[in-house]
Amino acid sequence: MIFLLTIIAVVYVLYQAYTYHYRKNWKENFEVKVEFSEEQAGVGDQLFLYETAINNKKMSLPAICVKFLASKYLQFEGSESGTVSDHFYRNDVMSVDGFQKVRRKLRFTCKQRGMYTIEEAELVSYDLFFAHTFVHRVEVSASLCVYPSLVDISKLIPVFRQMNGGVRTKVPLFEDPYAFAGVREYTPQDSMKRIHWKASAKTGKWQVKTMEYQSSTPVVIILNLESPGVFTNTDLMEDSIRIAYSLVYYLCSNGIRVRLVTAGDGKIRLEEGKREQIAATRRALALISYHNVCCNGVELLSEEKSRLTPGTQVIFISAAGKKPLQEQVLELLHLGIPVVWVAPIISSNSEDSEFRELLPALSKCLVKWGGT
């Protein structure tokens, strides 16, 4: 009996010593990294999230859970290791031996534009007999920018041409002296200022710089993120953002000068003539919010009106269309500024509340987008 009690006492002491040692040292020299496979992506793209656990000590960790919070708009494959509400709560269990590195690869799909970050992970570990739980929080750094997707704007092009006498695409009116496109062989009509000396030395023949061409008439895209009605209509706002990005992409790709003006949670003005216009627009629209707009459509048009010059072509994107906003657009038309109004809608019938009473002069410039 005494022998049995002695064995029990020894086992108990050893267990307590092991538990104390584990509690004190389990998180020492243990590192966790959470990283996205890419820093940027588009809506609908499939990427990976990497979880890496590195144990730089001899002691093994029989079971450790890595928990973190991610956006529900990053749709991970399978739901057995996570729960979804307003966010996605990921919980992965792994066993890490001494001096071992364990990496998990989690596939997900980008469902909505935005900037997504993971800044903290929670580590939960257990002793050998799973009798004690140990928790430790660590900082991680993972960020992903998801850009808005492109939409087919082909149906807008005929309207735009009709209103403005034709969109000049790849028609050389004036060269942009700052947009270098390449080199070609020298001709007697070329100026000596355009000689590309390095290319000439490399080829042994005179080479001159060629420039990209831009349309002389700028296009101003005004994006109004004021939602119609009392509550924010997310679908209409996302449609508006996708249309704006697609128009900038199309126009810039065809050498047309573009300026994008919008006001979400802050005002954004991206000037025309920049070679990085598409990338700048894509990122700005990925980050913009429409839940607390800093100014409404009337204020936005009123402020931008003073910046418009005769000959400027305006594309106004707005799902909101009450009478004061229509009057602002009509005023632009009276100033001789051609306007195409693209209006994302839910329903294309005549009962649409925002455009039920449309000023007659606006009927030819209004294009409804979507609807059932």
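What counts, and where the lines are drawn
Residues numbered from 1 in each chain as written. Predicted model: local features only at pLDDT ≥ 70, side-chain atom pairs only at ≥ 80, totals over all residues. Heavy atoms only, no water. Core = buried A, V, L, I, M, F, W, Y, C linked by side-chain atoms within 4.5 Å. Buried < 20%, exposed > 50% of the residue type's maximum accessible area, 1.4 Å probe, protein only. Helix = DSSP H or I, 4+ residues; strand = E, 2+ residues; numbered from the N terminus. Contact = heavy atoms within 4.5 Å. Patch = residues over 30% accessible without salt bridge, like charges linked within 9 Å, V, L, I, M, F, W, Y side chains within 5 Å. Areas by Shrake-Rupley, 256 points an atom, 1.4 Å probe, with all protein chains shown as cover. Salt bridge = Lys/Arg side-chain N within 4 Å of Asp/Glu carboxyl O. Axes fitted to C-alpha atoms, helices over the stretch in contact; angles between N-to-C directions. Parallel < 35°, antiparallel > 145°, perpendicular 65-115°, else oblique. Left-handed = near helix turned anticlockwise from the far one by under 90°.

Q: Would you mind going over the nonpolar core with me for this structure?
A: Generally speaking, nonpolar side chains in soluble globular proteins are found buried as a group. One finds Leu49, Phe108, Ile118 and Leu144 to be the most contacted residues of the largest nonpolar core, which totals 35 residues. Elements with a contribution of two residues or more to this core: β1 (30–36), β3 (46–55), β4 (61–71), β5 (74–76), β7 (87–96), β8 (100–110), β9 (114–126) and β10 (133–147). Per-element accounting of this core gives the leading share, six residues, to β10. If sequence neighbours within four positions are ignored, Leu49 has contacts with Val34, Glu35, Phe36, Phe68, Phe76, Arg104, Lys105, Leu106, Phe108 and Ile118. With 32 residues, the next largest nonpolar core counts Leu156, Leu247, Leu260 and Ile315 among its residues.

Q: Hey, could you run me through a nonpolar patch on the surface in this one?
A: Residues Met1, Leu4, Leu5 and Ile8 make up a contiguous nonpolar surface patch of about 450 Å² in total accessible area. Topologically, Leu5 is positioned in helix α1 (residues 2–25).

Q: Could you clarify how one ought to interpret the packing of helix α6 (residues 297–305) against helix α7 (residues 323–334) in this entry?
A: Two quantities define a packed helix pair, namely the angle between the axes and the distance from one axis to the other. Interhelical geometry of α6 versus α7 gives an angle of 15 degrees and a closest axis separation of 9 Å. In terms of orientation, α6 and α7 fall into the roughly parallel class. Regarding α6 and α7, the two cross each other, and that crossing is left-handed. Within the contact between the two elements, α6 uses Gly297, Val298, Leu301, Ser302 and Lys305 and α7 uses Pro324, Leu325, Gln328, Val329, Glu331 and Leu332.

Q: Would you mind going over the pattern of salt bridges with me for this structure?
A: Pairs can form between side chains of opposite charge whenever their charged atoms are close. Evaluation of the coordinates by the stated rule reveals 12 salt bridges. Between Glu77 and Arg107 there is a salt bridge whose closest N-O contact spans 3.2 Å. Of this pair, Glu77 sits in the loop between β5 and β6 (82–84) while Arg107 sits in strand β8, and the two are 30 residues apart along the sequence. By relative accessible area, which is 47% here, Glu77 ends up partly exposed. Here Arg137 makes a salt bridge to Glu120, at a shortest N to O gap of 3.9 Å. Placement of the pair is Arg137 in strand β10 and Glu120 in strand β9, with a sequence separation of 17 residues. For Arg137, a relative accessible area of 52% corresponds to the exposed category. Ionic contacts of the salt-bridge type, sharing partners, join the residues Arg259, Arg269, Glu304 and Arg307 into one network.

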